[in-house]
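Each chain, written out:
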Amino acid sequence: MSSFSGDQTAPFFGFLGAAAALVFSCMGAAYGTAKSGVGVASMGVMRPELVMKSIVPVVMAGVLGIYGLIIAVIISTGINPKAKSYYLFDGYAHLSSGLACGLAGLSAGMAIGIVGDAGVRANAQQPKLFVGMILILIFAEALALYGLIVGIILSSRAGQSRAD
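Residues numbered from 1 in each chain as written. Predicted model: local features only at pLDDT ≥ 70, side-chain atom pairs only at ≥ 80, totals over all residues. Heavy atoms only, no water.

Bringing the environment of Lys 82 into the picture now. The topology assignment puts Lys 82 in the loop between helix 2 (56–77) and helix 3 (88–125). Lys 82 sits in the exposed class, given a relative accessible area of 60%. A C-alpha to C-alpha distance of 9.0 Å links Lys 82 and Gly 6, two positions 76 residues apart in sequence. (Helix = DSSP H or I, 4+ residues; strand = E, 2+ residues; numbered from the N terminus. Buried < 20%, exposed > 50% of the residue type's maximum accessible area, 1.4 Å probe, protein only.)

Shown next as structure tokens:
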């Protein structure tokens, strides 16, 4: 007889949420970094003095992976069915938390990659476009931040399914 309490399959959904948060947000970070990096490399041929200034989209894309890591750690520390009952409600809350953060990070990474690529190339030809490019990148990054916030809120709902 095990000391497991709650639903036997619930941790599967919780761990799936943690994995989804990390995998999808890192996919967004990787795409954003790669796409922006191509733009930086191509722009660096024309204007090598602007390369360091044009690294901003690459850094912003890299932060997306950290958002997924934060949610994955929050979720995985909340899954301990031997210490506290873990029900399907909790697993689904963690799954939705991970998907919210991960898919928001993926979409933000795609936006950052596309804007970063075009933005650094345009900035090489017209330096006045730098501030506009940064503003667009900030709004794209905010999409992932919204996913992180919703993920934290959804993750905090786990454990509220039943009074133990």
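Next comes the rest of the description.
Moving on: the pattern of salt bridges. According to the stated counting rule, one finds 3 salt bridges in the structure shown. Here Glu 49 and Arg 47 are joined by a salt bridge, their closest N and O atoms 2.7 Å apart. Classification of Glu 49 as exposed rests on a relative accessible area of 52%. Accessibility expressed as a relative area gives 25% for Arg 47, which makes it partly exposed. With a shortest N-O distance of 2.7 Å, Arg 121 and Asp 117 are connected by a salt bridge. Here Asp 117 and Arg 121 lie together in helix 3, a separation of 4 residues that amounts to about one turn. One salt-bridge network, in which partners are shared between bridges, spans Lys 35, Asp 117 and Arg 121. (Salt bridge = Lys/Arg side-chain N within 4 Å of Asp/Glu carboxyl O.)

A separate point is the UniProt feature "transmembrane region" (unreviewed entry) in the protein chain. UniProt feature "transmembrane region" (unreviewed entry): in the numbering of this structure it lies at residues 12–34, 55–75, 95–117 and 129–154. Its end C-alpha atoms 32 Å apart, residues 55–75 is made of 95% helix and 0% strand. Between the end C-alpha atoms of residues 129–154 the distance is 38 Å, and the span holds 96% helix and 0% strand. (UniProt positions renumbered as here; feature names shortened; annotations may be inferred.)

Let's shift gears to the environment of Gly 14. Tracing the backbone shows Gly 14 in helix 1 (residues 10–46). Of the residues examined, Gly 14 reaches a relative accessible area of 0% and is grouped as buried. Counting along the chain gives 82 residues from Gly 14 to Ser 96, while the straight-line C-alpha distance between them is 8.9 Å. Sequence-distant contacts of Gly 14, that is, excluding residues within four places in its chain, are made with Ile 75, Ile 79, Tyr 86, Gly 91 and His 94. (Contact = heavy atoms within 4.5 Å.)

Residues annotated in UniProt with the feature "domain: V-ATPase proteolipid subunit C-like" (unreviewed entry) correspond here to residues 16–75 and 96–154. Its end C-alpha atoms 10 Å apart, residues 16–75 is made of 85% helix and 0% strand.

A word on the packing of aromatic side chains. Counting across every chain of the model gives 2 aromatic pairs. Centre to centre, the rings of Phe 12 and Phe 13 are 5.3 Å apart; their planes meet at 75°, and the pair counts as edge-to-face. Take Phe 12: its relative accessible area is 53%, and that puts it in the exposed class. The ring of Phe 130 has Lys 53 sitting right over it, with the charged end atom 4.5 Å from the ring centre. (Phe/Tyr/Trp six-rings, centres within 6.5 Å; stacked < 30°, edge-to-face > 60°. Lys NZ or Arg CZ within 6 Å of the ring centre and 35° of its normal.)

Leu 64, Tyr 67, Ile 71, Ile 112, Met 133 and Leu 137 are the most contacted members of the largest nonpolar core, which totals 25 residues. Elements supplying a minimum of two residues to this core: helix 1, helix 2, helix 3 and helix 4 (130–157). Sequence-distant contacts of Ile 112, defined by excluding residues within four places in its chain, comprise Ser 36, Pro 57, Met 60, Ala 61, Leu 64, Asp 117, Leu 137, Ala 140 and Glu 141. (Core = buried A, V, L, I, M, F, W, Y, C linked by side-chain atoms within 4.5 Å.)

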